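Fold and geometry: a report
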Amino acid sequence: MNKTLLASVLLSALFSSTTFAAEELSTENSAYTPSEPLVLEPVVATPENGLSPIEDEVPKFDDTMHYFVGLTGGMADMSFSLVHATSPSDKVSASSPDASGFAGADIGFYTAGGNGRVYYSYQKMSGESEFENKKIADTDVTLHLLSADYIFLADKAINPFVGAHVGYMIAETTSEQYGSYKQSNPVLGIQAGVAWRISDHFTTEIGARHTATQRKEQTDWAGSKGEDIVYPNTQSDLKSITTFYMSANYRF
């Protein structure tokens, strides 16, 4: 009898404890149930909260023309030949000059919207020709170029571009052994690169330019023509110039 009574008391206590725990858990869960659905709203950039729209971070071109000036520099590789002959069978052929540094300046304007630009470039460079590892001549080159570029992604900060140029070249080759000669003639070429607009006014860019001279044959320094060759005779020809450059521009 006592065992039966004791078992009944224990079962009643266990049932009461289980019921209380279930009610407490239900009450706790109901406290975290939102009365209204959760809605996420985007944060709008305003001067009050100190945020600015993303599109404002990219400098934009407007619908007017803007002038610019720039400085440029890099490496120049000349395709240059020089031959000195003391007789028809005795000739010295100097190597083409190694790549060397160059510097220059640009001035021009961007079209409305920034999709194009037209500019004048002045560039100065020089190179040394060697024969049997000894310097045989120095060549100084001045380029006057008029270029036009088409600019891609003008509304972005990174702008690839391609273009073409025409101009005039003046090259003077000087040799202690053979004398000197000045070559001047028109040039044609192309260029391509990528510009990065840092701000509304400052732009940097890297690119490559290939310029070809418009002359078909070498020139005799002694002025010989046809078969009437005077020895010793020196001939030279600057065929083309390839430059790899970096520029910094300021847009007004």
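Parameters at a glance
- Residues numbered from 1 in each chain as written.
- Predicted model: local features only at pLDDT ≥ 70, side-chain atom pairs only at ≥ 80, totals over all residues.
- Heavy atoms only, no water.
- Pairing = 2+ DSSP bridges.
- Helix = DSSP H or I, 4+ residues; strand = E, 2+ residues; numbered from the N terminus.
- Buried < 20%, exposed > 50% of the residue type's maximum accessible area, 1.4 Å probe, protein only.
- Polar contact = N/O pair within 3.5 Å; in protein donor to acceptor, adjacent residues only side chain to side chain.
- Patch = residues over 30% accessible without salt bridge, like charges linked within 9 Å, V, L, I, M, F, W, Y side chains within 5 Å.
- Areas by Shrake-Rupley, 256 points an atom, 1.4 Å probe, with all protein chains shown as cover.
- Salt bridge = Lys/Arg side-chain N within 4 Å of Asp/Glu carboxyl O.
- Contact = heavy atoms within 4.5 Å.

Glancing now at the pairing of strand β6 (residues 158-175). Residues in a regular strand project their side chains so that they alternate between the two faces of the sheet. By the bridge criterion, 14 bridges tie strand β5 (residues 134-151) to β6 in an arrangement that is antiparallel. Its bridge partner lying in β6, Ser147 is registered against His165. The antiparallel pairing of β5 with β6 creates a hairpin that spans six residues between the two strands, and Leu153 there sits at a positive phi of about 50°. Across 18 bridges, the pairing between β6 and strand β7 (residues 179-197) is antiparallel.

Here we take up the side chain of His66. Tracing the backbone through its elements, the reader meets His66 in strand β1 (residues 66-87). What makes His66 buried here is its relative accessible area of 15%. From its side chain, His66 meets the backbone oxygen of Phe252 in a polar contact 2.6 Å long.

Taken together, the side chains of Met65, Tyr67, Val69, Ile107, Tyr120, Tyr122, Leu146, Val166, Leu188 and Phe252 present a nonpolar region at the surface, about 920 Å² in accessible area. Elements represented by at least two residues in the nonpolar patch include exactly β1 and β4 (116-131). Note on placement: Phe252 falls in the segment after β10 (233-251).

What follows is about the side chain of Asn159. Note that Asn159 resides in strand β6. A polar contact is formed between the side chain of Asn159 and the side chain of Arg197, at a distance of 3.1 Å.

Its location among the elements puts Met246 in strand β10. With a relative accessible area of 58%, Met246 lands in the exposed category. For Met246 and Gly74, which are 172 residues apart along the polypeptide, the C-alpha to C-alpha distance reads 6.2 Å. When sequence neighbours within four positions are dropped, the list of residues in contact with Met246 reads Leu71, Thr72, Gly73, Glu205 and Ile206.

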